[in-house]
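Reading the structure
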Amino acid sequence: IFLASPSALTGSALFFAAQRCIRALKTVQAEHAPPQHYTWRRNCSSAVMPRITSHYTIFPRDKDPRWEGVEMERFADEADVVIVGGGPAGLSAAIRLKQLAKEQEKELRVCLVEKASQIGAHTLSGACLEPSALNELFPDWKERGAPLNTPVTEDLFSILTEKYRIPVPMLPGLPMNNHGNYIVRLGHFVHWLGEQAEELGVEIYPGYAAAEVLFHEDGSVKGIATNDVGIAKDGSPKDVFERGMELHAKVTLFGEGCHGHLAKQLYRQFNLRENCEPQTYAIGLKELWVIDEKKWRPGRVEHSVGWPLNRNTYGGSFLYHLNEGEPLVALGFVVGLDYTNPYLSPFREFQRWKHHPFVAKTLEGGDRIAYGARALNEGGYQCLPKVTFPGGMLIGCSPGFMNVPKIKGTHTAMKSGMLAAEAIFPKVTAEDPASETAGLHIPEYEDNLKKSWIWKELYAVRNIRPSFHNYFGLYGGMVYTGVFYWILRGKEPWTLKHAGLDSAQLKPAKECTPIEYPKPDGKLSFDLLSSVALSGTNHEGDQPPHLTLKDDSIPVANNLAIYDGPEQRFCPAGVYEYVPLETGEGMRLQINAQNCVHCKTCDIKDPSQNINWVVPEGSGGPAYNGL
Amino acid sequence: MSRVLVGVKRVIDYAVKIRVKPDQSGVVTDGVKHSMNPFCEIAVEEAVKLKEKKFIKEVVAVSCGPSQVTETIRTALAMGCDRGIHVEVSGKDYEAMGPLQISKIFAALAKKEEASLVILGKQAIDDDCNQTGQMTAALLDWPQGTFASEVTIDGETVKVVREIDGGLETIKISMPAVLTADLRLNTPRYATLPNIMKAKKKKIANMKPADLGVDMVSRVEVLRVDEPPTRLAGVKVETVDDLVAKLKANGTI
């Protein structure tokens, strides 16, 4: 994990190696850089900015002289179905396909690629699992050993003020009522799903990221190609360079999770978002704590809204007591990414929330053992794109089936994967696929979705999140929920709109007040870098930064100048830093790509929409264990 | 032409923050990200390079442990090893397993497979023992080239450049021999997906230590594992006199 590194991208490999050795010898526990308050700064346009981006998606290799003569042929293999992403949706789809194949005694080759080094290592969620989809997928999940060990026993909801707590009764019928649900460590649950899938014969390849979508001549999706390896930080080929592999399929399922990078491409390619609103998101940060046994209440679910966020910033907290032997609690904080103040730091809001008396009393005397963060969808019904296109389909949180007021998306993600499998199976095993395009187009999936409980659920809650966009903010939203959802069950005839793109919501820094965050005390709250260390994240250092900028000059010219560099605050891993230039006046953006936890917040919230997150070399990223 | 045995160990990934188990008997390993020991990767790469240069005919990857180590053997196979041997050790035996038991296993396998070279990583990043290679050589009564940063085969002898405290030492040893790989020996290649797919078809033989006549009883018992003590904050002083006074006060001088 590296902080301010003065090396420009011109040094030789030896220089890099020496720098790395020296830095590795020092323990890097430097304090997070103090928040940069807005000051009037003239842009020094004459300053020489070192190049930041070297990725081939921005600088194509066919025009790059360093790549002349390098063998670019790829090994290719055929499967019936290829699934991108080993999360609940992808694995449920794979399992369902193999279950159908077994039932109907047909052969089906299903390959699943996942960028994490092991299934579950990039999975992060609260989580309270509603077992509806699981009951359909594996009615005997208990006998199979699914890690649903903590049924919910207590359900609390509070509105917090700086010192006090206003309890809100958790009436049956309210969306976030958790009766019948289980608190799970989703990473472990996903790992278990992976084992079930392997037993059924799914070929799972963790550690290989899908980096490119492949197309037939007729424009339909042909499959994917995994990431190349062995490209140096400056974009040139190393001795160990090897091309990724192509996996061709009749249908490719994209289950990359919230704001997938291939999905982003597919939206443009097939115009899938022309009839829906742009997706809106939130960032969720999470920690796992081992607490004092006396304070442990296994099965207890606590949610809160209010402090430390103001009434116009959507967000809240969760704290779940797990029942898995140790006195473990999973807790976290969610902040809607439509926030307007560029000085807001979701990470620091999370850290200071833990100091609230109601929360601190649970955590006092405890030890933090894990940390992670991930963006999540908040758009719901209004933001659902078209999910099928020639040769492929989108499943899970990628199109976004999360039920926001219920704070659950796993059950709908799993169900969408299962519906996709059920729609695909007859087509892909048919003698004559009768398809107009080489890649199969299966619109039945979308029809099945619309007839399923996913659609009913999302329709019923569609107005709750947008109802927060009123003068009273949080309180207006709660009143709306109480009236229209609890009483009328979402049957009102109108559909409220969201506020638009999250990246367009930031106000210029000079119109906002900087937020004074308390210093972390090292017992309840912590600094960013020690948190990132706990996520176990790591990437091969000598590769082009995977946080690519379309234009290297925009961060300083736009993000820093107008918004005071919000990326240094919203990134939960300290990837973005504005550091002074070595020579002359002014600042430059430094990207510490190795810290990235693959949350996708920067790609979502960048006010210039200049950051394009692409997938790094496979098996890089966080090493979450049961988050 | 000859056969090489390469040892690969499955260890907790170097970037993961480890946690001591609540009962202080060891470190939490359940669900934690594991990968091949970095020095073992270098050993595998060297063996595969020697095979590519046609000095040796077959590379056999060996790992000892529970069923999960087969993933590590598969990675070695994907890097170019021809076949694998999984020596099953689990439960208490696995927790107590150390260099002595491993070296006995490797010695037995080296004789059984008629290997001319045993290449290991110089040490594992979880226990930092740096003993297995040396013990294996002693049990076999074979010469050893440890901390190798360069290996050249010349007929029936091997020239090894070793990294030592004073610099570099070049030795010539006769085969059969045991080599242990140090950091600068080579840069390991990636295990790419097509090779992982091919590796699924390569054979991994299963056996138990008893099949090799090795007794896994450990003569070492771990009493307790603790976190290192938290580093206390430093104290800043204004003058040299203050410094001397403080040092006197806490008994340092």
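Residues numbered from 1 in each chain as written. Chains lettered and ligands numbered in written order. Predicted model: local features only at pLDDT ≥ 70, side-chain atom pairs only at ≥ 80, totals over all residues. Heavy atoms only, no water.

The name recorded for chain B in an unreviewed UniProt entry is Electron transfer flavoprotein subunit beta, from Oncorhynchus mykiss. In its Sequence similarities (unreviewed entry) section, the UniProt record describing chain B reads: "Belongs to the ETF beta-subunit/FixA family." As stated in UniProt under Subcellular location (unreviewed entry), the record for chain B gives "Mitochondrion matrix". (UniProt positions renumbered as here; feature names shortened; annotations may be inferred.)

Chain A goes by Electron transfer flavoprotein-ubiquinone oxidoreductase in an unreviewed UniProt entry, where it is assigned to Oncorhynchus mykiss. Per UniProt, the comment on chain A under Subcellular location (unreviewed entry) is "Mitochondrion inner membrane". Comment text from UniProt for chain A, heading Subunit (unreviewed entry), reads "Monomer."

All names here are of chain A. For helix H13 (residues 554-563), every residue scored as buried is listed here: Pro555, Val556, Asn559, Leu560 and Tyr563. For H13, the angular spread of buried residues about the axis comes to 130 degrees, placing them on one side. At its buried positions, H13 is contacted by strand S23 (547-549), helix H14 (567-570), strand S24 (576-580) and strand S25 (587-591). Directly after H13, the chain includes aspartate 564, whose backbone phi takes a positive value near 55 degrees. (Buried < 20%, exposed > 50% of the residue type's maximum accessible area, 1.4 Å probe, protein only. Helix = DSSP H or I, 4+ residues; strand = E, 2+ residues; numbered from the N terminus. Arc of directions from axis to C-beta. Contact = heavy atoms within 4.5 Å.)

Quick look at the sheet that holds strand S1 (residues 76-78) of chain A now. Residue and element names in this part refer to chain A. Spatial strand order, S1-S14-S11-S10: four strands in an open sheet with mixed pairing. Edge positions in the sheet fall to S1 and strand S10 (210-215), since each of these pairs with one other strand and no more. Looking at each pair of strands side by side, their axes are set apart by 25 degrees on average, direction ignored. Pairing analysis gives five bridges linking S10 to strand S11 (residues 221-226), with the strands arranged antiparallel. Across the sheet, residue leucine 214 finds its bridge partner in S11, namely glycine 223. Along the sheet face, helix H5 (residues 261-270) touches S10 and S11 and points at about 25 degrees away from the line of S10. (Pairing = 2+ DSSP bridges. Axes fitted to C-alpha atoms, helices over the stretch in contact; angles between N-to-C directions.)

What follows concerns the UniProt feature "domain: Electron transfer flavoprotein alpha/beta-subunit N-terminal" (unreviewed entry) in chain B. The UniProt record marks residues 24-216 of chain B with the feature "domain: Electron transfer flavoprotein alpha/beta-subunit N-terminal" (unreviewed entry), using the residue numbering of this structure. When the span residues 24-216 of chain B is considered, its composition is 32% helix and 31% strand, and the gap between its end C-alpha atoms is 23 Å.

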